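Remarks on the overall topology
In case you want the letters, here they are:
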Amino acid sequence: MATIHVDGKEYEVDGSDNLLHACLSLGLNIPYFCWHPALGSVGACRQCAVKQFKDADDTRGRLVMSCLTSATTGTYISITDPEAVAFRASVDEFLMANHPHDCPVCEEGGHCHLQDMTVMTGHSLRRYHFTKRTHLNQDLGPFINHEMNRCIACYRCDRFYREYAGGTDFGVFGAHDNVYFGRPTPGTLENEFSGNLTEVCPTGVFTDKTHSERYVRKWDMQYAPSVCMHCSLGCNVSPGERYGEIRRIENRYNGTINHYFLCDRGRFGYGYTNRKDRPRVAFIAQDGKLAQASTEDARARLGGLLRGAKHVVGIGSPRASLESNFALRELVGAENFFDGHSDAEHVLVAQAIAILRDGPVASTTLKALESGDAALVLGEDVMQTAPRAALSLRQAARGLGQKLLAQQKLQHWQAGALENLAQDHYNPIFVTATHATRLDPIATETCRAAVEDQARLGLAVAHFIDPAAPAVAGLDAATEARAQRIAECLLAAERPLVVSGTGAGSAEILQAAANVAWALHARGKTVGFFLAFPEANSFGLGLMDARPLGEALDALANGAAEVAIVVENDLFRRAPTARVEAALDKARLVVVDHQDTPTTRHAEVLLPAATVFEGDGTVVNNEGRAQRYFQVFDTAYYHPDIATTESWRWLRRLLSDVRGDGHDASTFDEVSSACAAVLPQFTAITKAAPQAKFRILGLKAARTPHRYSGRTAMRANLSVHEPRASQDADSPLAFSMEGFNGTGTDNTPADQRPGALVSYAWAPGWNSPQAWNKFQDEVGGHLRGGDPGVHLFTANTQASTTYFTHIPAAFVVDNTTPRVVALPQIFGSELLSSRAEPVASRITEAYVAMNGTLAATLSLAEHDSVAVTIAGSVLSLPVRISDALPDGIIGVPDGAPGIPRIATGAQATLKVGAAA
Amino acid sequence: MNDIKRILIGFWSNLVTLWLIFAHLWRHKDTVNYPEEMPYLPPRYRGRIILTRDPDGDERCVACNLCAAVCPVGCISLQKAERPEDGRWYPEWFRINFSRCIYCGFCEEACPTAAIQLTPDFELAEYDRQNMVYEKEHLLISGTGKYHDYNFYRVAGMSIAGKPKGAAESEAQPIDVKSLLP
Ligand code: SF4
Ligand code: SF4
Ligand code: SF4
Ligand code: SF4
Ligand code: FES
């Protein structure tokens with residue numbers, strides 16, 4: 001703690017911060033550009049100048065950059081000093097000298113930090129009338145627009161992209177006032193976190209191209225606190241809607257999860273919700289085809305179907321909310337409720353949950369990963385399966401720089417010094433995988449082997465850490481030595497990390513990871529343990545202890561069950577086609593989904609479900625944190641004939657039809673409380689967010705900024721008589737600008753907005769994402785109203801460490817029937833995002849990867865076509881030679897067009913030449 | 001005593017009023033025989049709103065949404081689109097609900113391109129309120145309106161077909177990044 005004096009007032013601040021950070025945390029406004037809470041200070045823009053005085057008696061003072069000055073005790077500064085004010089205004093004027101006359105046609109306009117700072121510094125009149133410098137733009141691919149004229153050379157983009165995110169295809173070019181920020185040559189930005197440039201850049205140089213076509217200003221969109229559905233991490237997002245379409249995803253700050261950054265799958269994968277081919281009304285099969293039907297007809301048909309059926313099974317989904325899965329379980333009965341994962345994933349998810357819930361080490365958070373100082377990534381290709389975690393792991397690796405800074409007695413925010421000191425030195429990270437991963441460039445050591453061998457390595461590491469953990473017999477000397485190296489390194493670390501997950505498709509990998517984490521725990525280490533799960537709500541569905549899907553398919557195929565209700569799931573992604581078809585051909589199928597999938601085409605009745613943006617729900621992320629997502633907009637407002645609603649609401653309606661009790665208007669809180677009451681593992685979910693009756697100063701929280709325009713015109717084409725604004729019985733949010741829109745203050749808890757109810761970043765004078773600093777307890781810290789989400793269980797520290805003792809046998813290479821592994825892909829593996837046009841355009845073409853040895857035995861060269869037979873289906877695929885693959889293993893990209901879902905450990909035969 | 005004084009004052013004030021009204025018989029008349037006779041309205045009178053074109057005949061509106069944001073009754077709504085052939089921003093549709101408009105002229109003041117303008121036409125009455133909802137085809141005229149010369153794209157830095165980077169007013173030729181010359 002330090003005491004500083006700002007404009008004659010005394011404040012207590014954290015002395016290790018810089019003055020800018022400290023003043024912003026106090027709620028004082030100092031304009032700035034180049035400083036960013038996650039990127040530190042470089043002093044490039046000179047916008048943050050304040051007057052510093054020697055002591056209380058000094059009246060002359062001198063200008064200093066607040067972002068480069070420590071907030072030590074006895075600091076006297078003035079923000080409002082006339083000289084400092086004039087200096088800041090002139091800095092802004094200089095930055096604007098070459099600025100184009102673009103605001104009306106600039107997609108940053110209305111949430112532009114440069115606009116905000118120009119207003120804040122008071123620069124309002126252009127005095128520079130000479131010619132302006134111009135730049136040519138680059139095509140940066142389907143995600144990002146480039147408009148270099150608007151650059152103010154703050155260097156944030158470069159620092160984020162190259163240093164923070166590890167991108168290699170971007171940089172600063174040119175010299176003096178000509179500097180250019182872009183790629184060496186035009187082309188798609190390769191880094192998986194490129195989308196953050198749109199928020200990191202304080203101007204309109206980088207904007208969201210996916211938003212461009214249907215652009216609207218930030219103030220014109222309706223928002224709700226939401227959760228990303230594209231992997232298990234549950235990053236918080238702020239989706240914006242206008243005229244009944246989702247227009248953009250922005251990051252929503254959560255100080256324990258994603259804080260300032262998202263991955264590109266999460267940011268640009270929203271297009272599935274706007275697809276024209278989505279079911280938006282009910283459908284009933286007629287003459288083998290689905291035909292539109294009214295909700296009443298569909299319900300009448302379903303009521304008859306369900307009442308008449310002897311045995312109904314319900315199949316849930318890891319991409320549906322807890323409430324939807326629960327409502328299905330309620331409708332069909334617990335004994336008829338089946339897991340929506342594939343059978344292999346069912347086992348993996350159960351294993352991962354058991355490890356985290358019953359073991360002595362609970363999951364760490366995404367944010368906490370960043371403070372690790374050594375890591376073992378066991379078998380999980382995090383960049384492809386849980387991308388945001390790879391960014392956090394990179395920060396753990398970069399943490400070495402912080403140690404070096406501390407040794408030099410420098411401050412943690414001195415970003416320039418950090419880069420010079422750290423160069424390419426990282427904290428140790430060990431990566432094991434079947435194939436090359438995007439973490440390899442920062443890895444100390446990589447191990448590429450079959451999952452059994454990776455698991456054996458992991459188990460050996462655990463044994464070296466704690467001899468009580470089982471030893472692995474028969475390891476070769478190199479592996480033995482490697483295991484010892486890893487063990488020593490993890491033991492030497494202050495905060496070792498163990499990262500793994502279900503992505504490798506191996507329970508043995510999960511067990512090995514658990515052994516390592518538990519061994520470190522047993523040795524008294526504070527270990528950060530992190531497991532990635534298959535999908536957004538895999539953890540939640542796994543906790544419901546449903547029976548495996550295969551049993552439901554068997555029951556349907558052999559006639560034991562006659563009706564199947566499938567909720568938000570495409571069974572063809574979960575089991576082999578023949579098996580699913582055998583079941584669905586016999587069954588009478590009811591599907592509730594928001595996408596048109598091969599499964600919906602078999603339906604007798606199809607009910608249109610809401611996407612995450614159109615309904616309320618709770619999902620449980622990979623750390624066991626239940627998070628609420630809120631409905632962003634009312635679909636019926638612009639299109640009264642649309643019948644989409646949450647699956648849980650459909651299922652509750654069906655329940656009331658079956659029971660005939662007429663109670664078909666369940667609210668979210670009813671369903672969620674029922675879930676919490678019936679299943680004790682979910683007791684905490686009702687605390688994930690305030691319930692519908694919650695009010696702040698007597699108000700609901702507003703979903704739209706107060707400047708929201710066109711309220712009396714946007715629907716006037718339908719009718720000039722405006723309907724009442726849609727009412728929301730399910731949440732404490734209003735479909736309107738009428739409601740609480742404040743950021744809350746420290747001293748009056750009455751106006752505190754719970755973190756779970758912050759829909760978007762805005763504060764008076766702060767329209768850009770920089771406004772998050774107004775919501776945080778300290779800049780870059782936690783939300784003042786609490787980071788959203790609750791953990792469903794706390795660490796079971798009392799649990800004794802009972803190591804897994806099963807040691808898998810080593811992998812036996814067999815190049816005649818090599819093992820096929822599905823290589824997870826950030827773009828393509830996840831269903832919903834791959835249905836968004838911009839993401840779809842980034843999905844790789846199908847190929848088969850193999851190492852040079854195998855290719856040579858088959859006399860294959862790169863790009864040659866080879867017929868691959870996997871589980872009976874023959875695919876003709878071009879060859880990619882990659883020596884990162886071990887012997888006896890071939891890889892195909894998961895989710896590439898034409899590639900079926902590959903079962904774990906599937907064997908393949910290869911035939912040279914195109915398929916017959 | 002006070003009551004009598006008040007009655008007298010009241011009486012006097014009524015007489016003055018009567019006299020003033022009577023005197024108006026000889027004053028110049030402000031009312032006209034509308035609609036047979038049309039009053040003169042200055043060009044800057046704030047009546048029916050139009051969307052104008054730039055001097056080159058292209059749509060001026062760039063769909064920046066500022067008019068909609070400033071409108072106190074929220075009666076303007078539009079959607080931005082980009083013309084594939086030349087990259088110009090334009091409103092895909094543009095709607096004003098004149099049954100809500102209060103003719104304050106804020107939209108015209110906010111417009112950075114001089115596209116939206118108020119005109120002296122005030123005859124907007126309709127039997128059916130729905131007819132007061134004007135779409136772009138009802139709003140867009142073929143001329144420049146009150147401001148004849150302004151063409152936003154000549155000053156804006158964004159390039160469009162026919163106006164590459166460096167071709168706008170007061171713009172230097174694009175930088176050659178590879179040059180190290182001062
Ligand atoms: S970057 Fe900001 S200031 Fe510059 S043109 Fe865009 S909106 Fe205007
Ligand atoms: S492109 Fe944006 S982030 Fe990069 S230097 Fe320019 S203004 Fe800063
Ligand atoms: S890491 Fe996962 S949850 Fe986070 S933004 Fe990416 S896809 Fe979404
Ligand atoms: S302010 Fe002018 S340019 Fe902008 S949307 Fe309105 S009419 Fe168009
Ligand atoms: S923010 Fe301090 S110099 Fe840029």
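Our subject is the structure listed above.
Please read all numbers here as calculations on a predicted model, not as lab measurements. (Residues numbered from 1 in each chain as written. Chains lettered and ligands numbered in written order. Predicted model: local features only at pLDDT ≥ 70, side-chain atom pairs only at ≥ 80, totals over all residues. Heavy atoms only, no water.)

**Brief notes about the overall build of chain A**
Filter applied, for reference: Think of it this way: any DSSP run of H or I at least four residues long counts as a helix, any run of E at least two long counts as a strand, and we number them from the N terminus. Relative accessible area decides the class of each residue, using a 1.4 Å probe on protein chains only: under 20% of the type maximum gives buried, over 50% gives exposed, and in between gives partly exposed. Contacts are assigned to residue pairs that have any heavy atoms within 4.5 Å of one another. Each accessible area is a Shrake-Rupley estimate made with a 1.4 Å probe; only the visible protein chains count as cover when residues are assessed.
The number of helices and strands found in chain A is 24 helices and 37 strands. Projected onto its principal axes, the C-alpha coordinates of chain A cover approximately 90 × 80 × 55 Å. In chain A, buried positions account for 65% of the 916 residues. By sequence separation, contacts in chain A at least 24 residues apart represent 73% of the contacts at least 6 residues apart. Summed over its atoms, the accessible surface of chain A is roughly 31,500 Å², and 52% of this surface lies on carbon and sulfur atoms.

**Considerations on the overall build of chain B**
Cut-off, in case you're wondering: In this treatment the radius of gyration is a C-alpha quantity, and the globule benchmark scales as 2.2 Å times the residue count to the 0.38 power. His is not counted here, nor are the chain ends, while Lys and Arg score as positive and Asp and Glu score as negative. For charged residues, the charge sits on one atom: NZ in Lys, CZ in Arg, CG in Asp, CD in Glu.
Within chain B, the secondary structure is distributed over 5 helices and 6 strands. Secondary structure elements in chain B, listed N-terminal to C-terminal, are α-β-α-β-β-α-β-β-α-α-β. Taking 2.2 N^0.38 as the reference for a compact globule, 182 residues should give roughly 16 Å; the C-alpha atoms of chain B span a radius of gyration of 26 Å, well beyond that estimate. Viewed in the frame of its principal axes, chain B has a C-alpha envelope of about 100 × 45 × 30 Å. Burial analysis of chain B (182 residues in total) assigns 38% to the buried set. Here the contacts in chain B between residues at least 6 apart in sequence split such that 70% fall between residues at least 24 apart. For chain B, the separation between the mean place of its 21 positive charges and that of its 24 negative charges on side chains is 6 Å.

**Section: the site of ligand 1**
Which entries qualify depends on this criterion: Whether a residue is near a molecule or strand depends on its heavy atoms: it is near if one of them lies within 4 Å of it. Asp, Glu, Lys and Arg are counted as charged, while Ala, Val, Leu, Ile, Met, Phe, Trp, Tyr, Cys and Pro are counted as nonpolar; the rest, among them Gly, fall into the polar class.
If you check the shell around ligand 1, you find His99, Asp102, Cys103, Cys106, Glu108, Gly109, Cys112, Leu114, Gln115, Arg150, Thr203 and Gly204 of chain A and nothing else. Looking at side-chain class alone, the shell around ligand 1 contains 4 nonpolar, 5 polar and 3 charged residues.

**Here we look at the pattern of salt bridges**
All names here are of chain A. The line we're drawing: Throughout this description, the term salt bridge denotes a Lys or Arg side-chain nitrogen within 4 Å of a carboxyl oxygen of Asp or Glu.
The full count for this structure, using the stated rule, is 54 salt bridges over all chains. Between Glu445 and Arg485 there is a salt bridge whose closest N-O contact spans 2.6 Å. Of this pair, Glu445 sits in strand 21 (residues 445-448) while Arg485 is found in helix 16 (residues 477-492), placing the two residues 40 residues apart along the sequence. Judged by relative accessible area, which is 17%, Glu445 ranks as buried. As a salt-bridge pair, Glu535 and Arg574 come within 2.8 Å of each other at their nearest N and O atoms. Taken together, the residues span a long stretch of sequence, with Glu535 in the loop between strand 23 (528-532) and helix 18 (538-542) and Arg574 in the loop between strand 24 (563-567) and helix 20 (577-586) at a distance of 39 residues.

**Quick word on unusual backbone geometry**
At the junction of Tyr34 of chain B and Pro35 of chain B, the peptide bond is cis and its omega measures out at 5° in the coordinates. Structurally, the position occupied by Pro35 of chain B is in the loop between helix 1 (2-23) and strand 1 (49-51). Its identity is not glycine, yet Ala153 of chain A carries a phi of approximately 55°, on the positive side. Mapped onto the fold, Ala153 of chain A is located in the loop between strand 7 (144-146) and helix 4 (156-164).

**Remarks on helix 4 of chain A**
All names here are of chain A. Across the 9 residues of helix 4, 8 count as buried, placing the element largely inside the fold. Tucked into the core, helix 4 has its buried residues touching strand 8 (171-173), strand 9 (180-182), helix 5 (197-200), strand 10 (206-208), helix 13 (387-407) and helix 14 (415-422). The first or second residue beyond helix 4 is Gly166, which carries a positive phi of 75°.

**A word on the pairing of strand 15 (residues 282-286) of chain A**
All names here are of chain A. So the rule is basically this: Strand pairing is assigned whenever DSSP identifies at least 2 bridges connecting the two strands.
Across 5 bridges, the pairing between strand 15 and strand 16 (residues 289-293) is antiparallel. Within the sheet, the bridge partner assigned to Ile284 lies in strand 16 and is Ala291. Connecting the antiparallel pair strand 15 and strand 16 is a turn made up of 2 residues, with Asp287 showing a positive phi of about 50°. When strand 15 meets strand 26 (residues 605-608), the two strands line up antiparallel, connected through 2 bridges. Along strand 26, the bridge assignment pairs Ile284 with Val605.

**Things to note about the sheet that holds strand 20 (residues 429-433) of chain A**
Residue and element names in this part refer to chain A. So the rule is basically this: Only C-alpha atoms enter the line fits that serve as axes; for helices the fit covers just the stretch in contact. Angles between N-to-C directions range over 0 to 180 degrees.
Judged by pairing direction, the sheet is parallel, and its 5 strands sit side by side in the order 21-20-19-22-23 without closing on themselves. Here the strands that pair on one side only, and so sit at the sheet edges, are strand 21 and strand 23. Pairs of neighbouring strands in the sheet enclose a mean axial angle of 10°, with direction left out of account. Sheet topology note: the strand 19 (residues 374-378)/strand 22 (residues 496-501) ladder contains 4 bridges and is parallel. Looking across to strand 22, one finds that Ala374 is bridged to Pro496. Most of the contacts of helix 13 go to strand 22, to which it runs at about 160°, and overall it touches strand 19, strand 20, strand 22 and strand 23.

**Some words on the packing of aromatic side chains**
All names here are of chain A. Threshold: Under the pairing criterion, centres of Phe, Tyr and Trp rings, with the six-membered ring standing for Trp, must be within 6.5 Å; the plane angle then separates stacked pairs below 30 degrees from edge-to-face pairs above 60, leaving the rest tilted.
Going through the model one piece at a time under the given rule, you end up with 31 aromatic pairs over all chains. Relative to Phe268, the ring of Phe143 lies with its centre 4.4 Å away and its plane at 15°, an arrangement referred to as stacked. Of this pair, Phe143 sits in the loop between strand 6 (132-134) and strand 7 while Phe268 sits in helix 7 (residues 264-268); the two residues are 125 residues apart in sequence, bridging distant segments of the chain. Among the residues examined, Phe143 registers a relative accessible area of 2% and is labelled buried. Judged by relative accessible area, Phe268 falls into the buried class, the value being 0%. Ring geometry for Phe170 versus Phe206: centroids 5.8 Å apart, planes at 55°, classification tilted. Taken together, the residues Phe170 in the loop between helix 4 and strand 8 and Phe206 in strand 10 connect sequence positions 36 residues apart.

**A closer look at the environment of Ser232 of chain A**
Residue and element names in this part refer to chain A. Tracing the sequence through the fold places Ser232 in the loop between strand 12 (226-227) and strand 13 (236-242). Overall, the relative accessible area of 1% leaves Ser232 in the buried class. With 153 residues separating them along the chain, Ser232 and Thr385 place their C-alpha atoms 8.4 Å apart. Setting aside anything within four residues of it in sequence, one finds Ser232 in contact with Ala532, Phe533, Glu535, Ala536, Asn621 and Asn622.

**So, the interface of chain A and chain B**
Interface size is commonly expressed as the accessible surface area that is lost when the partners come together. Condition: Two parts placed together each lose some accessible area under a 1.4 Å probe, and the buried area is that loss summed for both. Between N or O atoms, a polar contact is any pair within 3.5 Å; within protein, one atom must be a potential hydrogen donor and the other a potential acceptor, and residues adjacent in sequence are included only when both atoms are from side chains.
Each partner contributes residues to the interface: chain A has 49 residues there, and chain B has 47 residues. When the two sides are added together, the surface that chain A and chain B hide from each other amounts to roughly 3,600 Å², 54% of it contributed by carbon and sulfur. Summed over the three residues of chain A that lose the most area to chain B, namely Val105, Thr134 and Val720 of chain A, the buried surface amounts to 17% of that side. If you look at where chain A meets chain B, you find 4 salt bridges. Of the charged contacts, one joins Glu107 of chain A and Lys80 of chain B as a salt bridge, the two residues approaching to 3.6 Å between their closest N and O atoms. The interface formed by chain A and chain B holds 25 residue pairs in polar contact (both at pLDDT 80 or more) in total. With 3 residues, the top contributor of residues to the side of chain A that touches chain B is strand 6 of chain A.

**Some thoughts on the nonpolar core**
A general trend in soluble globular proteins is that nonpolar side chains are found buried together. Residue and element names in this part refer to chain A. Heads up, the rule is: Take the buried residues of types Ala, Val, Leu, Ile, Met, Phe, Trp, Tyr and Cys, join any two whose side-chain atoms come within 4.5 Å, and each joined set is a nonpolar core.
Counting residues in each nonpolar core, the largest one holds 127 residues, and the members touching the most others are Phe160, Phe206, Leu393 and Phe613. With near-sequence residues (within four places) excluded, Phe206 lies in contact with Glu108, Leu140, Ile144, Asn145, His146, Cys157, Phe170, Phe181, Leu197, Thr198 and Cys201. The next biggest cluster of nonpolar side chains, apart from the first, holds 96 residues, and it includes Ala374, Ala462, Cys675 and Val790.

**Notes on the environment of Ala583 of chain A**
Residue and element names in this part refer to chain A. Tracing the backbone shows Ala583 in helix 20. Classification of Ala583 as buried rests on a relative accessible area of 0%. In this structure the C-alpha to C-alpha distance between Ala583 and Thr794, which are 211 residues apart in sequence, comes to 40 Å. Sequence-distant contacts of Ala583, defined by excluding residues within four places in its chain, comprise Leu553, Leu556 and Ala557.

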